[in-house]
Amino acid sequence: MGERTVTYGPAEAALIERLEADLSLQLAAKPKRLAHSLSVARTAERLALAYDVDPFLARAAGVLHDWEKATPARELVAHARALGVDLGVDLDLVRPLLHGIVAARVLPGRYPELPAAVWRAIEVHTTAAADMTPLDEVLFVADGIEPLRPATPGIERTRSLVGKLPLDELFWESFVGGIVYVLEGSRYLYPGTIEVYNALALRRAGHTNETR
Ligand SMILES: [Fe+2]
Ligand SMILES: [Fe+2]
């Protein structure tokens, strides 16, 4: 990874600088989360270059993906409820999934210069979706493998496969690894994740008539 580099034009470079400065304030109380976010942004940019995805959009999505991580849990749940977020289960059960969804609703008003593709990637970075775009997959994978994340066998495996597997396959590795992590930790597994898993598993098996 990292064979290709990118040079942005002045407008894009200035916007990245502004996003990073804004995030430093937003996550001022969470230095580790800030470092993680900037690391995800760099990793997403590198993945984008490796897989022919727009590196600027990947970088921007990476910077902003955990924007709501400084919001206290109860406040985040209340905000999601106020926004009408409906995941089919009590939102208290899926608190770890809400920060991406809420950020995707809050941030477009703040950064109208960024396209919907960025907000969509941020929205699905916790839940994944049956119809992930390449940009969605880049952010999802980058979040899971950025170099500041302590290595586990699964993460190491995904890292070693960057550039070797197609992006869809890399995402699948990362997605399944995330489910295994939830199961091994005896944590609540969001039913929507099972639906996404089944849709993707059927597609991989060559079924074309899966329902979504
Ligand atoms: Fe996140
Ligand atoms: Fe993250």
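The text that follows walks through the structure, step by step, so that each part is easy to find. Every chain's residues receive numbers from 1 upward, in the order its sequence appears when written. The lettering of chains begins at A and the numbering of ligands begins at 1, in the order of writing. Only residues with pLDDT of at least 70 get local features here, since the model is predicted, and only at 80 or more are side-chain atom pairs given and counted; chain-wide, interface and lining totals rely on the full set of residues. Neither water nor hydrogens contribute to the side-chain values; these are computed over all heavy atoms in the structure.

Here a donor is an N, O or S atom found within 2.8 Å of the metal, or within 3.2 Å if the metal is Na, K or Ca; sites may look incomplete because water is not among the atoms. Coordination sphere of the iron ion (ligand 1), protein contribution only: D66 (OD), H99 (NE2) and H125 (NE2), at 2.1 Å. In primary-sequence terms, the residues that donate to the iron ion (ligand 1) follow D-x32-H-x25-H. The distance between the iron ion (ligand 1) and the iron ion (ligand 2) comes to 3.4 Å, with D66 serving as a donor to both metals. Here H99, found in helix α5 (residues 95-110), pairs with H125, found in the loop between α6 (116-123) and α7 (134-145); they are 26 residues apart in sequence, far enough to count as distant. A residue is classified by how much of its surface remains accessible, and H125, at 4% relative accessible area, is buried. Under the DSSP-based scheme used, a helix requires at least four consecutive residues in state H or I and a strand at least two consecutive residues in state E, with every element numbered from the N terminus. Buried means the residue's accessible area, taken with a 1.4 Å probe over protein chains only, is under 20% of the maximum for its type, while exposed means over 50%, and partly exposed covers the values in between.

For a helix, the expected span equals 1.5 Å multiplied by the residue count minus one. Taking 1.5 Å as the rise per residue, helix α10 (residues 191-204) with 14 residues should run 20 Å; its terminal C-alpha atoms sit 20 Å apart, in good agreement. Close packing links the buried residues of α10 with α9 (167-184). Phi turns positive one or two residues past the end of α10, at G206, with a value near 95°. Any two residues having at least one pair of non-hydrogen atoms within 4.5 Å are treated as being in contact.

The next thing to look at is the packing of α5 against α6. Between N-to-C directions, angles span 0 to 180 degrees; the directions come from axes that are lines fitted to C-alpha atoms, helices contributing only their stretch in contact. It is at 7 Å that the axes of α5 and α6 come closest, and there the two elements cross at 160°. Put simply, α5 runs roughly antiparallel to α6. Two secondary-structure elements touch here, α5 through G100, I101, A103, A104, L107 and P108 and α6 through W119, I122 and E123. Gly is put with the polar residues, along with every residue not named as nonpolar or charged; the nonpolar set is Ala, Val, Leu, Ile, Met, Phe, Trp, Tyr, Cys and Pro, and the charged set is Asp, Glu, Lys and Arg. Classifying every residue of the contact of α5 with α6 by side-chain character gives 7 nonpolar, 1 polar and 1 charged. In these notes the angle categories are as follows: under 35 degrees is roughly parallel, over 145 is roughly antiparallel, 65 to 115 is roughly perpendicular, and the rest is oblique.

None of the figures reported here should be taken as evidence of function without further support.
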